[in-house]
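Structural features, examined
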Amino acid sequence: MKTIAVLTSGGDAPGMNAAVRAVTRAALARGWQVLGVRNGYAGLLAGPPQPLAARDVGGIVQKGGTFLGSARSLEFIEASGREKALSTLKKLNVEALVVIGGNGSQSGAAALARDGFPVVGVASTIDNDLYGTDVSIGADTAINVTLEAIDRLRTTASSHQRAFAVETMGRDCGYIALMAGLAGGAEVIAIPESPITPAEAAERLRAAFARGKTHALAVIAEGAKCGIGELMQQYEAKREAAGFELRVTRLGHVVRGGAPSAADRILATRLGAAAVDLIAKEKHGVLAGMIRGEVAATPLAEVAGRTRPADAALLELVRTMAL
Ligand code: F6P
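Now for a look at the structure at hand. Treat the numbers as computed from the prediction; the structure is a model and nothing was measured. Along each chain, residue indices are assigned from 1 in the same order as the chain's sequence is written. Predicted model: local features are reported for residues with pLDDT of at least 70 only, side-chain atom pairs are reported and counted for 80 or more only, and whole-chain, interface and lining totals are derived from all residues. Excluding hydrogens and water, the side-chain values take into account all heavy atoms of the structure.

Turning our attention to the layout of surface pockets. A 1.4 Å probe that fits but cannot get out identifies a cavity on a 1 Å grid over protein atoms alone, an open set with protein on both sides within 12 Å along at least five of seven lines counts as a pocket, and a residue lines either if it has an atom within 4 Å of a point. Grid points are joined across faces, edges and corners, and a volume is the space filled by probe spheres set on the points. Taken as a whole, the largest pocket encloses approximately 700 Å³ of empty space. Working definition: helices are DSSP H or I runs of at least four residues, strands are E runs of at least two. Numbering for both runs from the N terminus. In terms of residue count, the dominant contributor to the lining of the largest pocket is helix α4 (residues 103-114) (six residues). Taken as a whole, the second largest pocket spans an internal volume of roughly 180 Å³. Val 188, Ile 189, Ser 194, Pro 195, Ile 196, Glu 200, Arg 204, Leu 315, Glu 316, Val 318 and Arg 319 together form the lining of the second largest pocket. Counting residues per element, the ones that place at least two in the lining of the second largest pocket are β7 (188-190), α7 (198-210) and α12 (314-321). For the lining of the second largest pocket, the leading source of residues is α12, giving four residues.

Another aspect to go through is the site of the ligand. Put simply, a residue is near a molecule or strand once any heavy atom of it comes within 4 Å of that molecule or strand. Taken together, the neighbourhood of the ligand is formed by Arg 72, Ile 126, Asp 127, Met 169, Gly 170, Arg 171, Glu 222, His 253 and Arg 256. Measuring from an oxygen atom of the ligand, one finds a backbone N or O atom of Gly 170 at 3.2 Å. Pairs of N or O atoms within 3.5 Å make up the polar contacts considered here, provided that, within protein, one atom can donate a hydrogen while the other can accept it, and that residues adjacent in sequence are counted only when both atoms are side-chain atoms. Arg 256 is positioned such that a nitrogen or oxygen atom in its side chain is 2.8 Å from an oxygen atom of the ligand. Computed on the free molecule, the ligand has an accessible area of 390 Å², of which 77% lies beneath the protein chains in the complex. By definition, a pocket or cavity contains a molecule when more than half of the molecule's atoms lie within 2 Å of the pocket's grid points. Assessed atom by atom at 2 Å from the grid points, the ligand resides in the largest pocket. Note that Gly is not counted as nonpolar here; it falls among the polar residues with everything else outside the nonpolar set of Ala, Val, Leu, Ile, Met, Phe, Trp, Tyr, Cys and Pro and the charged set of Asp, Glu, Lys and Arg. Of the residues contributing to the shell around the ligand, the split by class is two nonpolar, two polar and five charged. Computed with a 1.4 Å probe, the accessible areas rest on the Shrake-Rupley method; for each residue, only the protein chains presented here act as cover.

Right, let's talk about the environment of Lys 63 for a bit. With respect to the secondary-structure elements, Lys 63 resides in the loop between β3 (50-51) and α3 (79-91). Any two residues having at least one pair of non-hydrogen atoms within 4.5 Å are treated as being in contact. When near neighbours in sequence (up to four residues on either side) are disregarded, Lys 63 contacts Asn 17 and Pro 260.

What follows deals with the sheet that holds strand β9 (residues 245-250). Within the open sheet, the four strands sit side by side as β7-β8-β6-β9. Their pairing is parallel. Both outer strands of the open sheet, β7 and β9, are each paired with one neighbouring strand and no more. Pairwise comparison of adjacent strand axes, ignoring direction, gives a mean angle of 15° for this sheet. For two strands to be treated as a pair, DSSP must find at least two bridges joining them. One ladder, built from six bridges, connects strand β6 (residues 162-168) with strand β8 (residues 216-221); its direction is parallel. Bridging across to β8, Phe 164 finds its partner in Leu 217. In this fold helix α5 (residues 139-160) packs onto β6, β8 and β9, with an angle of close to 165° to the strand it touches most, β6. Set on the sheet, helix α8 (residues 228-237) makes contact with β6, β8 and β9; between it and β9 the angle comes to about 165°. Every axis in this analysis is a line fitted to C-alpha atoms, fitted for helices over the stretch in contact. Angles between the N-to-C directions lie between 0 and 180 degrees.

This part takes up the pairing of strand β2 (residues 33-36). With four bridges connecting them, strand β1 (residues 3-8) and β2 associate as parallel partners. If you follow Val 6 over to β2, its bridge partner there is Gly 36. The β-α-β motif built from β1, the intervening helix α1 (residues 16-29) and the parallel element β2 has right-handed crossover chirality. Relative to β3, β2 is paired through two bridges, and the arrangement is antiparallel. By the bridge assignment, Leu 35 is partnered in β3 with Pro 51. Handedness of a crossover is defined as follows: orient the strands so they point away from the viewer, and if the path from the first strand over the helix to the second runs clockwise, the crossover is right-handed.

Bringing helix α6 (residues 175-184) into the picture now. Given 3.6 residues per helical turn, the α-helix brings residues three or four places apart onto the same face. With a 1.4 Å probe rolled over the protein chains alone, any residue whose accessible area is under 20% of its type maximum counts as buried; one over 50% counts as exposed, and the rest are partly exposed. Buried residues dominate α6, accounting for seven of its 10 residues. Of the positions making up α6, those classed as buried are Tyr 175, Ile 176, Ala 177, Leu 178, Ala 180, Gly 181 and Gly 184. Taken together, the buried residues of α6 touch α5, β6, β7, β8 and α12. Taken from the residues just after α6, Gly 185 is the one with a positive phi, measuring 70°.

Let us look at the nonpolar core. For the purposes of this section, nonpolar cores are sets of buried Ala, Val, Leu, Ile, Met, Phe, Trp, Tyr and Cys residues that join through side-chain atoms within 4.5 Å. With 83 residues, the main nonpolar core has Ile 4, Val 6, Leu 97, Val 98 and Ile 100 as its most contacted residues. Excluding its chain neighbours within four sequence positions, the residues that come into contact with Ile 4 are Val 23, Ala 27, Trp 32, Gln 33, Val 34, Leu 35, Val 94, Ala 96, Val 98, Val 276 and Ile 279. Counting residues in each nonpolar core, the second largest holds 21 residues, with Ala 190, Leu 205, Ala 224 and Leu 231 among its members.

Running from N to C, α7 and α8 cross one another at 65°; their axes reach a closest spacing of 9 Å. Every pair of crossing elements has a handedness; the one defined by α7 and α8 is right-handed. Facing Pro 198, Ala 199, Ala 201, Ala 202 and Leu 205 of α7, the residues of α8 in contact are Glu 230, Leu 231 and Gln 234. For the contact of α7 with α8, a count of residues per class yields six nonpolar, one polar and one charged. Crossing handedness: left-handed means the near helix sits turned counterclockwise from the far one by under a right angle, and right-handed means the same turn made clockwise.

See the structure below:
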């Protein structure tokens, strides 16, 4: 009987629970034993992991967050931290580890693979900025949460002829803002990948009202150069001349919470099961992701330290649609 361990690491993402369930049940179906590590890599440096049975992962497919807990472990970045983790895994006779998480987590997985431990990553981050997958677990739900907020804000924006600026998550990548803004008919989108200035953003909001619109919406990723603070400053400086009122909503961690969408549950189930298949085939040191609709394994050495930017070419389409 093979023993594998599974952990969730980094920012939690809706669908992580579905992925843990998939890893567990796909492994149990092969007659393996599964250990659930609490609180990400930090759990490998703390107490012993818990054996997971089929019923332990029951009733969680629809729940957001991760019942295993997650953390961003700084200790793990150091070789000494990894040594401790490796000795824990060896003591427990763990033959392979599944790491469900985003960029930082997969860089940690790549380091473990370099140290010679069999590890398989599962692509999971609401930011959808992992290299080696077209789509990561949690991104679809995060877009839909942001979209719902945009739709709701537009209701009141129209009633009061106001502009709204909505800030969504995305420190280094503007995927959520771009996709939710495209789906929500935003007048302006500002993301880390785009050079839009606060003056341009404010002007585009003004021009939307001048074209006869009853509302104008800016969707801003938290890491955009034109942040919500800069846009507000620009607006305040020319408030009298602006001719419209601008209000701000910061969604923050609301974007990461709540039940995963059907798409995220399906993705998590496919990728979790694929990770177990990869271990069975002894294809270690890879990330299980989805490329052109098919499960694909990309070496963690290629994934680590790289990001996948949002498609800034779509910003032109957003502009045309805002006419
Ligand atoms: O990487 C996912 C993410 O939600 C980013 O969009 C965001 O910038 C960051 O995590 C926030 O991290 P934390 O929850 O640690 O504050």
